[in-house]
Amino acid sequence: MVLSELAARLNCTEYKNWVKAGHCLLLLRGCLQGFVSREVHAFHRGLLAAAPGLGPHATCRSVSRCSPRARQFQPQCQVCAEWKREILKHHTNRNGDVHWGNCRPGRWPVDAWEVAKAFMPRGLADKTGPEECDAVALLSLINSCDHFVVDRKKVTEVIKCRNEIMHSSDMKVSSVWLRDFQMKIHNFLNEFKNIPEIMAVYSRIEQLLTSDWAVHIPEEDQRDGCEDETRIYLTESQINEIEMELLKEKLQELYLQAEEQEVLPEEILNQLEVVKEFLRNNKDLRNGLAEDMYKLDSLHQQHEKLDSKEPGAQTPEGKT
Ligand SMILES: [Zn+2]
């Protein structure tokens, strides 16, 4: 039977919770994109109005040397130096980590999104707009840029939950956890009462989190006449798509952690093994993730080689 693997996975309540929570993040991302895009442009216009010297006529004098790396950026020209100062002025985390490596400073005068990326987490250098970003990127921007007037505690609570979802090594969360998540999403969405498209997703998220989530099986559709209203039916491919997207994000996160050596190689290896074991048992997901797994495996092997050759050596940076 085609559904067997998916059905078996969804039989595990904690795994189903994990997918539901992830689906919720995808809905959140979807409803924030338009809003964030508009606000980022408004923010950029505001900066230029306050400091006209930073506008489209300002040009970086040293594009090759004004190039940030990770958290480091030493501007080599007046324009970039001024932009950096201006960005920091609006950064709520200006004394902490700012991921300058996301940005192409030479584009700051003309490209609002390049400015926005200075307020986001690492690993977003190649993203050219909010439609390419995951929920945590957009949430971090809202949290770190003072243009957004919100209760930041409500934003950081959701970010914390998102990290717990992505770092869950066995891809499971408890039902108690899910209820807590629901409350935090609820509190967050309430900050945007005057944004219709964000409010529109409110009921969908509520429904998703409280419903018994069933897979739509056509032949069983007319099994009983009365439709249970608390049930949300998704097709097999819809659920598969959600799982795939979540797993991809999880692997990407693992990759960034490995690349930046934020966690011990053993921990990465352990997590990798859990995902591998999971994929061994679920071949419907395996094919779509082969490339991501390969990328992680090669990075890990590269690290191991470096470690055995020259202990304590720095891993070369730079991405493909
Ligand atoms: Zn410059």
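Per an unreviewed UniProt entry, the recorded name for the chain is Chromosome X CXorf38 homolog, and the organism is Sus scrofa.

Quick look at the overall build of the chain now. Broken down by element type, the chain carries 11 helices and two strands. Of the regular secondary structure in the chain, the N- to C-terminal order runs α-α-α-α-α-α-α-α-β-β-α-α-α. For the chain, buried positions account for 47% of its 320 residues. Surface exposure of the chain reaches about 16,700 Å², of which carbon and sulfur atoms provide 50%.

At 2.3 to 2.4 Å from the zinc ion lie its protein donor atoms, namely Cys60 (SG), Cys66 (SG), Cys77 (SG) and Cys80 (SG). Seen from the zinc ion, its four donor atoms lie at angles of 105 to 114°, and the figure they make is tetrahedral. One chain supplies every donor for the zinc ion, spaced along it as C-x5-C-x10-C-x2-C. Remark: cysteine 77 occurs in the loop between α2 (13-50) and α3 (78-89) and cysteine 66 occurs in the loop between α2 and α3; sequence separation between them is 11 residues. Of the two residues examined, cysteine 66 and cysteine 77, each falls in the buried class.

Counting 96 residues, the largest nonpolar core has Leu32 and Phe181 as its most contacted members. Built from parts of two domains, this core gets at least three residues from each of domain 1 (18-210) and domain 2 (237-307). Beyond its immediate stretch of four places on either side in the chain, leucine 32 contacts Leu138, Leu139, Ile142, Phe188 and Ile198.

For asparagine 17, the position within the fold is in helix α2. Apart from residues no more than four positions distant in its own chain, asparagine 17 is found in contact with Val173, Ser174, Ser175 and Leu178.

Where helix α9 (residues 236-259) meets helix α11 (residues 283-309), the closest approach of the two axes is 10 Å, and the angle between their N-to-C directions is 5°. Comparing their axes, α11 and α9 come out roughly parallel. Between α9 and α11, the residues in contact are Asn240, Glu243, Met244, Leu247, Lys248, Leu251, Gln252, Leu254, Tyr255, Ala258 and Glu259 and Asp284, Leu285, Gly288, Leu289, Asp292, Met293, Lys295, Leu296, Leu299 and His303, respectively. Residues of the contact of α9 with α11, tallied by class, amount to 11 nonpolar, four polar and six charged.

A positive phi angle, close to 55°, is found at methionine 171, a residue other than glycine. Look at methionine 171 and you get buried, because its relative accessible area is 1%.

This part takes up the environment of glycine 22. Considering the arrangement of structural elements, one finds glycine 22 in helix α2. Of the residues examined, glycine 22 reaches a relative accessible area of 0% and is grouped as buried. Expressed as a C-alpha distance, the spacing of glycine 22 and alanine 135, which sit 113 residues apart in the sequence, is 9.9 Å.

Before going further, it helps to spend a moment on the environment of glutamate 273. Residue placement: glutamate 273 occurs in helix α10 (residues 265-281). Overall, glutamate 273 belongs to the partly exposed group, its relative accessible area being 37%.

A few words now on the side chain of arginine 162. Mapped onto the elements of the fold, arginine 162 is located in helix α6 (residues 152-167). Side chain to side chain, arginine 162 and glutamate 249 meet in a polar contact 2.9 Å long. Setting aside residues up to four positions removed in sequence, arginine 162 forms contacts with Leu25, Asp134, Val136, Glu249 and Glu253.

Attention now goes to the pattern of salt bridges. Scanning the model with the defined rule gives 22 salt bridges in all. Here aspartate 292 and lysine 248 are joined by a salt bridge, their closest N and O atoms 3.0 Å apart. In this pair, aspartate 292 is assigned in helix α11 and lysine 248 in helix α9, connecting sequence segments 44 residues apart. For glutamate 277, the salt bridge identified is with arginine 280, shortest N-O distance 3.1 Å. Placement of the pair is glutamate 277 and arginine 280 together in helix α10, with a separation of three residues, close to one helical turn.

About the cut-offs
Residues numbered from 1 in each chain as written. Predicted model: local features only at pLDDT ≥ 70, side-chain atom pairs only at ≥ 80, totals over all residues. Heavy atoms only, no water. Helix = DSSP H or I, 4+ residues; strand = E, 2+ residues; numbered from the N terminus. Buried < 20%, exposed > 50% of the residue type's maximum accessible area, 1.4 Å probe, protein only. Areas by Shrake-Rupley, 256 points an atom, 1.4 Å probe, with all protein chains shown as cover. Donors = N, O, S within 2.8 Å, 3.2 Å for Na, K, Ca; no water. Tetrahedral: all angles 85-135°; square planar, octahedral: opposite > 155°, others 65-115°. Core = buried A, V, L, I, M, F, W, Y, C linked by side-chain atoms within 4.5 Å. Domains from an automatic or database assignment. Contact = heavy atoms within 4.5 Å. Axes fitted to C-alpha atoms, helices over the stretch in contact; angles between N-to-C directions. Parallel < 35°, antiparallel > 145°, perpendicular 65-115°, else oblique. Nonpolar A, V, L, I, M, F, W, Y, C, P; charged D, E, K, R; others polar. Polar contact = N/O pair within 3.5 Å; in protein donor to acceptor, adjacent residues only side chain to side chain. Salt bridge = Lys/Arg side-chain N within 4 Å of Asp/Glu carboxyl O.

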